[in-house]
Amino acid sequence: MAEIPIIIWKEEVEHLLHYKDLIPRLEVALEKFSRKDSAEVIQPVRSSVPLPKYNGFLLTMPAYMEHEGILCTKMVCFYKRNNDSTLPSTQATVLLFDPECGNVKAVMDGQVITAMRTAAVSAISAKLLMSSEAQVLTILGTGHQALSHYNVFTEMFTFKEVRVWSRSEERAGRFSLSLRGPVTVCSSVEEAVRGADVIVTVTRATEPVLFGRWVKPGAHVAVGACRPDWRELDDDLMKEAVVYVDSKEGAATESGDVILSGAEVFAELGEVLIGTRPAHREKTTVFKSLGMAVQDAVSAKLVFDQWKTKDSQR
């Protein structure tokens, strides 16, 4: 008889999940995904259910990694909220299954997993693609993803300056005070990105906020919009930069930054990790991140394993 699933709430996920453990597992997952071996990873393109009454949509993101014995799915709701809304813009839950029996082993908060694995993969892209002399980090946006990106980028790299921009000066001020280090709050996107070596765009914009004419040659840009009809990056930037993605298939169907600009995708990040495609550090690069179910799967397995270790020590 299957055991009752454990429930791991947000606070415990935060306690159990650490970038130093997560990043190596995500690098392996990206490599396995890009090898296109169904014996390693089965990950269909995520499905979307529109929620027109609430100006949102539900995504389901399943993945199976046979050799690791990981069967997982994430369900996440996205909403386009008004600036004065007190409701969350995302809610996510992750289910981890026993692949042999089919029962649910764990139900866990997906907000922390989504924020941390997205930021961790962006940091992997920067490790591979940003200039070795990078000194200035800019973050556009002040939500959960902005915080997770600040945390992992300042943990992994050393920058002389960190800049932040938000549409709301009040939110930008609150965000800057919540961080563990000094940041410069900028009044415009142009001011924030001029001369920046690494630019993280996590604004949930539906129209471009970052323009190629503002981006210095050789800069690295990460993330971008997550829907086929949304975009954060303009045509000039997308067409002039070398574009890397987590999944070519996903980018072709879900990335508005890629689809609407007509930009050519150069490589998947996993292809760089396994050495079949080069990392063009000397050029302006964009890592168009959509997030993948396999990233959630390895993150959830790590949380579950850490929970079991902690539970056995009680």
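Residues numbered from 1 in each chain as written. Predicted model: local features only at pLDDT ≥ 70, side-chain atom pairs only at ≥ 80, totals over all residues. Heavy atoms only, no water.

Regarding the pattern of salt bridges
Piece 1. A complete count under the given rule lists 16 salt bridges for this structure.
Piece 2. For Arg 117, the salt bridge identified is with Asp 296, shortest N-O distance 2.8 Å. Of the two residues, Arg 117 is situated in helix 3 (residues 111-129) and Asp 296 in helix 11 (residues 293-312); the sequence distance between them amounts to 179 residues. Each member of the pair, Arg 117 as well as Asp 296, is classed as buried.
Piece 3. One continuous salt-bridge network, built from bridges that share partners, spans Lys 32, Glu 40 and Glu 68. (Salt bridge = Lys/Arg side-chain N within 4 Å of Asp/Glu carboxyl O. Helix = DSSP H or I, 4+ residues; strand = E, 2+ residues; numbered from the N terminus. Buried < 20%, exposed > 50% of the residue type's maximum accessible area, 1.4 Å probe, protein only.)

Looking at the sheet that holds strand 4 (residues 70-79)
Piece 1. Here we have 6 strands laid out as an open sheet, ordered 1-6-5-4-3-2, and mixed in their pairing. Only two strands of the sheet have a single partner each, and these edge strands are strand 1 (6-8) and strand 2 (47-51). Averaged over all neighbouring strand pairs, the angle between strand axes comes to 15°, with direction disregarded.
Piece 2. One ladder, built from 5 bridges, connects strand 5 (residues 90-97) with strand 6 (residues 104-109); its direction is antiparallel. Counterpart to Phe 97 in the pairing with strand 6 is Val 104.
Piece 3. Along the sheet, helix 3 contacts strand 3 (56-65), strand 4, strand 5 and strand 6; its crossing angle with strand 5, the most-contacted strand, is approximately 95°.
Piece 4. Against the sheet, helix 11 engages strand 1, strand 3, strand 4, strand 5 and strand 6, with an angle of about 70° to strand 3. (Pairing = 2+ DSSP bridges. Axes fitted to C-alpha atoms, helices over the stretch in contact; angles between N-to-C directions. Contact = heavy atoms within 4.5 Å.)

Some words on the sheet that holds strand 12 (residues 242-245)
Piece 1. The strand order 9-8-7-10-11-14-12-13 describes an open sheet built from 8 strands, whose pairing is parallel. Each end of this open sheet is capped by a strand with a single partner; those strands are strand 9 (184-185) and strand 13 (265-268).
Piece 2. Strand direction decides the pairing type here: strand 11 (residues 220-223) and strand 14 (residues 285-288), joined by 4 bridges, are parallel. Its bridge partner lying in strand 14, Val 223 is registered against Lys 288.
Piece 3. Packing of helix 3 onto the sheet brings it into contact with strand 11, strand 12 and strand 14, and relative to strand 11 it is tilted by some 160°.

Looking at the packing of helix 2 (residues 19-34) against helix 11
Piece 1. At a closest axis distance of 9 Å, the pairing of helix 2 and helix 11 adopts a crossing angle of 140°. When the interaxial angle is binned, helix 2 and helix 11 end up oblique. Classified by chirality, the crossing of helix 11 by helix 2 is right-handed. Between helix 2 and helix 11, the residues in contact are Asp 21, Leu 22, Arg 25, Leu 26, Ala 29 and Leu 30 and Val 294, Gln 295, Val 298, Ser 299, Leu 302 and Gln 306, respectively.
Piece 2. Among the residues making up the contact of helix 2 with helix 11, the classes are represented as 7 nonpolar, 3 polar and 2 charged. (Parallel < 35°, antiparallel > 145°, perpendicular 65-115°, else oblique. Left-handed = near helix turned anticlockwise from the far one by under 90°. Nonpolar A, V, L, I, M, F, W, Y, C, P; charged D, E, K, R; others polar.)

Some remarks on the side chain of Arg 163
Piece 1. Assignment of secondary structure puts Arg 163 in strand 8 (residues 161-165).
Piece 2. Within the local environment of Arg 163, its side chain forms a polar contact with the side chain of Glu 161, the two groups lying 3.4 Å apart.
Piece 3. In this structure the side chain of Arg 163 is engaged in a polar contact, spanning 3.0 Å, whose partner is the backbone oxygen of Ala 192.
Piece 4. Each residue touching Arg 163, except ones within four places of it in the same chain, is listed here: Val 136, Leu 137, Thr 138, Ile 139, Thr 184, Cys 186, Glu 191, Ala 192, Val 193, Arg 194 and Ala 196. (Polar contact = N/O pair within 3.5 Å; in protein donor to acceptor, adjacent residues only side chain to side chain.)

Observations regarding the side chain of Glu 254
Piece 1. For Glu 254, the location among the structural elements is in helix 8 (residues 248-254).
Piece 2. You can call Glu 254 buried: its relative accessible area is 10%.
Piece 3. Of the polar contacts made by the side chain of Glu 254, one reaches the side chain of Arg 46; its length is 2.3 Å.
Piece 4. Apart from the residues lying within four places of it in its own chain, the contact partners of Glu 254 are Val 45, Arg 46, Cys 226, Arg 227, Pro 228, Ile 259 and Leu 290.

Topic: the pairing of strand 14
Piece 1. A two-sided burial pattern is seen for strand 14, the buried positions comprising Thr 285 and Phe 287 on one face and Val 286 and Lys 288 on the other.
Piece 2. The pairing of strand 12 with strand 14 spans 4 bridges and is parallel. Paired with Val 245 across the two strands is Lys 288, which belongs to strand 14.

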